[in-house]
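Structural features, examined
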Amino acid sequence: MENSASLLEVRGISKSFGAVRALQEVDFTLRAGEIHALLGENGAGKSTLIKVVTGVFPRDAGIVRLGGDEVAPRSAKAALQAGIATVYQEVNLLPNLSVAQNLFLDRQPMRFGIVREGEMRRRAKALLADFGLDIDVSAPLGNYSVAIQHVTAIARAVDLSARVLILDEPTASLDRHEVEILFRIMRQLAKRGIGIVFVSHFLDQVYEISDRITVLRNGRLVGERETASLPRIELIRMMLGRELAETTSARAAAREHESRKVCASFENYGKSGYVAPFNLELRHREVVGLAGLLGSGRTETARLVFGAERADRGQARVEGTPVRLQSPRDGVRHGFGYCPEERKTDGIVAELTVRENIVLALQAKRGLHRPLPRREQDEIARRYVRMLDIRPPDPERPVGLLSGGNQQKVLLARWLATSPRLLVLDEPTRGIDVGAHAEIIRLIRELCDDGLALLVISSELDEIVTYSDRVVVLRDRAHVEELAGETIDVGNILAAIAADSVAVALEAHT
Amino acid sequence: MTALLPRRGLAQILALIVILAVDRVVSPQFFDLRLQDGRLFGSLIDVLNRGTPVALLSLGMVLVIATRGIDLSVGAVMAISGAIAASLADSHGLPVVLAASLGAGLVCGLWNGFLVAVLGMQPIVATLILMVAGRGIAQLITEGRIVTFASPGLVWLGNGSILGLPVPVAIALGMLILTGAVVRGSALGLLIEATGGNARASELAGVGTRAMILSVYVWCGVCAALAGVIAAADIMGADANNAGLWLELDAILAVVIGGTSLFGGRFSLVLAVLGALIIQTMNTGILLSGYPPEFNLLVKAVVVMAVLLLQSPKLSGFAGIMARLRRAKP
């Protein structure tokens, strides 16, 4: 592999969206005939890098060389013509057309201006036979499984003389058998000298298929390693980005455990195909952190706990009384609050004012016929704007005009106004500048001291270690370990995440 | 000061004034009012009276649009309720007639709301079903004829007067006040705006978004039924083929002129009714001017375009780019 020529060379790519620097001077090298995994957590810049390289987004700086020649495609089509093909998770083909038509779209064999259907079908069949696929190519593509649609997309790309094939999360919706088919084809293509970029968050698969790994974090290149010589724990450390520095000193002194009353408990709680059944106790005056990689089931756990998703097994109890959590309304009624990760789409109502966003959950809880008088709304809004230091301190400003950190505070205020017993916070510090970041963490601690139970998800392990009394570690959509007290540190969390996973948890329940 | 000149609605008020001024030019007697038999007469009263059906429709439509929906079936619902009212008018008392026709509107609204809120259909498709089927239902009720009636109670609804105002105008005013009181007096207004602004977020905040959506379609159906009864009372008969024909478009137009975005969220009942009046003032003015009524459609189209272009974010983006380019040039 060492002497293979570099096929795709990306040097010093930068890209900003407004004030957000999505990529900063990123380098990436793909050699001919290798399968190269591109890894990183949410927001690390993987998709942005792919889109910049394939010309979907214009780049701010940097160069891309393909086989030594500089290329600067201005659209995905131009990139394809240059020899860089991308197959996205959601296949970009037309499910209502036949497999053959999809393969030869835009370049159908013609005679006298008429498409030669027979010739096209024959060539489609031959093309797919190369990939070990023998299917009826005149049937609509939509009739076939996602795996076959992927293979069709790949076959089309390769037939268009692609030299670089980028596969963005190709295995996300495939079952084990289909993954094997795809991997066999990927190896076959690599043997023919095609360079393959493989984006995935299934680390098992990465170790199974890839020759080399490049890790991005927060828009920067962390490093490029050979897969065979990179231990799993090292990889996770690269992705999550913390050295094993002893951060425990920042932890509040462990407090009395037993004196805390259980606020809500979940027994054998789960939903098949979503999260494996788990036991979870949330106590007053206690922060429980959820740690794990992207897609490990953290958000899924949070949504089940709040009632945004219905569990199909297990029993939930609030203050010891069995309850049913069928909808967010149930969660709100039982005194739960949930600040989702996607603030813009699931959190704020951008057009409404800060005041209206703050009183929304309280008003929904009180019901239609008991409207909060305007004076009371103003009072509540003013109180939380002051308490959480929301800026600018204008309750009548549309919340969409506030910065991310302040929007997060408005969401916190929305739930605090309902006097909740339990708050679920999903990545409360994501996309927030450093100042507001520390403030949110301080708030989490304070709220907890005031008697609230908190369940907090974060990808920042330092952060979790700082405020959690207990940490639940998730892997492959199952709760795998619980750390408490002195055992909570970044190293132990990493070890629990990296422990050799037997990816049966999910499959056993699907 | 802010109470006198609200920033929101200024454009609509100005537009109304401009159109009124144009009307005054083409018809010098436009502002003349006279009292006869205890009732006011004049072009202005005429505008109000003729504008009533669309004003009523827009009261329901504005709430539907605020939830990011649309109701194409209101014209057909008018035809249904008018047909029911006309068929029952001479054999039953006014309360029964009203209960039956408004009840029909409520059922229509429930149907639309069920399709959109429970089955999750796209509003434009869901209400298209009743738009097509509803007129058929109305024709079945009237058996294809124009049903006439002479019931004095129902006729009074269309042609009588209260305190000098035509009864339909008084009803529309009453409905505006009632709707305003219900929507802004309860938390409904806030929760509808939240649902339209971001349904997912509202749902996660514990808002019963389905109930919100269902209720606005029901109210829209009731408003449309009331408009249908008044339209039938006005002509003392029900014409299933033509009652309320294309009025759904006028109602949508009124809401849009009133500044409520088709993307949902913020809405204004008063401005939607004002939008209905602007449309009617245009119509009346063109009639008075002696131009052929066909001209009406073109003028309306121009106004629609002007309003939509003003709302388009692309246009403001475009304007911003142009401004920057101009600034960039030395």
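Residues numbered from 1 in each chain as written. Chains lettered and ligands numbered in written order. Predicted model: local features only at pLDDT ≥ 70, side-chain atom pairs only at ≥ 80, totals over all residues.

**Observations regarding the overall build of chain A**
We apply this condition: Only DSSP runs of H or I reaching four residues or more are called helices, and only runs of E reaching two or more are called strands; each is numbered from the N terminus. Radius of gyration here uses only the C-alpha atoms, and the compact-globule reference equals 2.2 Å multiplied by the residue count raised to the power 0.38. Our contact criterion uses C-beta atoms placed from the backbone: two residues qualify when those atoms are within 7 Å.
When helices and strands are counted, chain A shows 17 helices and 22 strands. The C-alpha atoms of chain A give 26 Å as radius of gyration, which agrees with the globular expectation for 510 residues (24 Å, within 12%). The principal-axis extents of the C-alpha atoms in chain A amount to approximately 75 × 50 × 45 Å. Sequence-distant contacts, at least 24 apart, represent 70% of the contacts inside chain A between residues at least 6 apart.

**Some points on the overall build of chain B**
Rule in force here: Working definition of burial: number of other C-beta atoms within 10 Å of the residue's own, with buried at 20 or more, exposed at 12 or fewer, and partly exposed in between, all C-beta atoms being placed from the backbone.
Helices and strands together make up the secondary structure of chain B, namely 14 helices and six strands. Rg of the C-alpha trace for chain B: 21 Å, near the compact-globule value of 20 Å for 330 residues, within the 12% margin. Taking all 330 residues of chain B together, 50% fall into the buried category. Considering only intrachain contacts with a sequence separation of at least 6, the fraction spanning at least 24 residues in chain B is 77%.

**A few points about the domain arrangement of chain A**
This is how the line gets drawn: These domain boundaries are the output of an automatic or database domain assignment.
When the domains of chain A are assigned, the result is domain 1 (6-235), domain 2 (236-335 + 421-510) and domain 3 (347-419). Placing the centre of domain 1 of chain A and that of domain 3 of chain A at their C-alpha centroids yields a distance of 44 Å.

**Remarks on the confidence of the model for chain A**
Defined as follows: Along the chain, pLDDT gives the predictor's confidence residue by residue, from 0 to 100.
Taken as a whole, chain A shows an average pLDDT of 85; of its residues, 92% reach a score of 70 or greater. Note that residues 502-510 of chain A has pLDDT below 50 and, in this model, 14 contacts with residues that lie over four places away or in other chains.

**Considerations on the sheet that holds strand 16 (residues 313-318) of chain A**
All names here are of chain A. Basically, it comes down to this: What makes two strands pair is DSSP finding at least two bridges between them. Axis definition: a line fitted to C-alpha atoms, over the contacting stretch in the case of helices. Angles run 0 to 180 degrees between N-to-C directions.
Reading across from one edge, 14-13-16-17 is the order of the four strands in this open sheet, with antiparallel pairing throughout. Every other strand in the sheet has two partners, leaving strand 14 (275-283) and strand 17 (321-323) as the edge strands with one partner each. Pairwise comparison of adjacent strand axes, ignoring direction, gives a mean angle of 20° for this sheet. For strand 13 (residues 262-271) and strand 14, the ladder comprises six bridges, and the chain directions are antiparallel. Considered in strand 14, the bridge of serine 265 is made with glutamate 281. Against the sheet, helix 9 (residues 298-306) contacts strand 13 and strand 14, and its axis sits at roughly 65° relative to strand 14.

**Things to note about the pairing of strand 15 (residues 286-291) of chain A**
Residue and element names in this part refer to chain A. Buried residues dominate strand 15, accounting for six of its six residues. Both faces of strand 15 are covered, namely the face carrying Glu286, Val288 and Leu290 and the face carrying Val287, Gly289 and Ala291. Examined bridge by bridge, strand 15 and strand 20 (residues 453-457) share five bridges and lie parallel to one another. In the strand pairing of strand 20, valine 287 is matched with leucine 454.

**With respect to the nonpolar core**
The line we're drawing: Nonpolar cores are built from buried Ala, Val, Leu, Ile, Met, Phe, Trp, Tyr and Cys residues. These are joined into a set through C-beta atoms within 7 Å.
Ranked by size, the top nonpolar core spans 254 residues in total, and within it Leu165 and Leu454 of chain A together with Cys223 of chain B carry the most contacts. Ranked by residue count, the leading element in this core is helix 10 (residues 209-235) of chain B, at 19 residues. Every residue in contact with leucine 454 of chain A, bar those within four places of it in the chain, is listed here: Val287, Val288, Leu423, Leu425, Ile444, Leu447 and Cys448 of chain A.

**A word on the sheet that holds strand 10 (residues 195-199) of chain A**
Residues and elements named next belong to chain A. In spatial order, the strands read 6-9-10-3-11-12; together these six strands make up an open sheet with mixed pairing. Among the strands making up the open sheet, the edge pair consists of strand 6 (84-87) and strand 12 (220-226). Between one strand axis and the next, the sheet turns through 20° on average, direction left out of account. Each of strand 3 (35-39), strand 11 (212-217) and strand 12 is contacted by helix 8 (residues 232-240), which is oriented at about 30° to strand 11, the strand it contacts most.

**Structural notes on the pairing of strand 11 of chain A**
Residue and element names in this part refer to chain A. One ladder, built from four bridges, connects strand 3 with strand 11; its direction is parallel. Across the sheet, residue leucine 39 finds its bridge partner in strand 11, namely valine 215. Sheet topology places strand 11 next to strand 12; six bridges connect them, and they run antiparallel. Looking across to strand 12, one finds that threonine 214 is bridged to glutamate 224.

**Some remarks on helix 11 (residues 247-257) of chain B**
All names here are of chain B. The buried count for helix 11 comes to ten of eleven residues, which makes it a mostly enclosed element. Taken as a whole, helix 11 has its buried residues at Leu247, Glu248, Asp250, Ala251, Ile252, Leu253, Ala254, Val255, Val256 and Ile257. Backbone geometry just after helix 11 places glycine 259 at a positive phi near 90°.

**Some thoughts on the environment of phenylalanine 28 of chain A**
Within the fold, phenylalanine 28 of chain A resides in strand 2 (residues 20-31). Apart from the residues within four sequence positions on either side, phenylalanine 28 of chain A is in contact with Val10, Leu49 and Thr214 of chain A.

**Section: unusual backbone geometry**
Along the chain, arginine 391 of chain A connects to proline 392 of chain A via a cis peptide bond; the corresponding omega equals -5°. Turning to its location among the elements, proline 392 of chain A is positioned in the loop between helix 13 (374-387) and helix 14 (404-416). We note that glutamate 427 of chain A has phi near 50°; this positive angle belongs to a residue other than glycine. Residue position: glutamate 427 of chain A is located in the loop between strand 19 (422-426) and helix 15 (434-449). Judged by local crowding, glutamate 427 of chain A falls into the buried class, with 24 C-beta atoms found within 10 Å. Not every positive phi belongs to a glycine, and methionine 236 of chain B is a case in point at roughly 55°. Mapped onto the secondary structure, methionine 236 of chain B falls in the loop between helix 10 and strand 6 (237-239).

**Quick notes on the interface of chain A and chain B**
Selection criterion: Each residue gets one of three labels, nonpolar for Ala, Val, Leu, Ile, Met, Phe, Trp, Tyr, Cys and Pro, charged for Asp, Glu, Lys and Arg, and polar for the others, Gly among them.
The interface of chain A with chain B comprises 24 residues on the first partner and 20 residues on the second. Taken together, the elements giving at least two residues each to the side of chain A that touches chain B come down to helix 10 (328-333), helix 11 (343-347) and helix 12 (354-366) of chain A. Class assignment of the residues belonging to the side of chain A that touches chain B gives a composition of 14 nonpolar, four polar and six charged.

**Some words on the confidence of the model for chain B**
Residue and element names in this part refer to chain B. Summing up the model confidence of chain B, the mean pLDDT is 89 and the portion of residues at 70 or higher is 91%. In the model of chain B, helix 14 (residues 313-328) stands out as the element of lowest mean pLDDT, 57, in contrast to helix 4 (residues 94-118), which has the highest, 97. Contacts of residues 1-6 to residues separated by more than four positions or lying in other chains number one contact, the stretch itself having pLDDT below 50. For this predicted complex, the interface confidence score (ipTM) comes to 0.86, while the overall pTM stands at 0.75.

**Observations concerning the packing of helix 12 of chain A against helix 14 of chain A**
Residue and element names in this part refer to chain A. For the record, the criterion: Any angle that falls under 35 degrees is termed roughly parallel, while one over 145 is termed roughly antiparallel, one within 65 to 115 roughly perpendicular, and all others oblique. Whether a crossing is left-handed or right-handed is set by the direction in which the near helix is turned from the far one by less than a right angle, anticlockwise for left-handed and clockwise for right-handed.
For the pair helix 12 and helix 14, the least separation of the axes is 6 Å and the interaxial angle reads 40°. On the basis of the axis angle, helix 12 is oblique to helix 14. Once helix 12 is placed against helix 14, the crossing between them reads as right-handed. In contact with Val354, Asn357, Ile358, Leu360 and Ala361 of helix 12, helix 14 contributes Val410, Ala413, Arg414 and Trp415.

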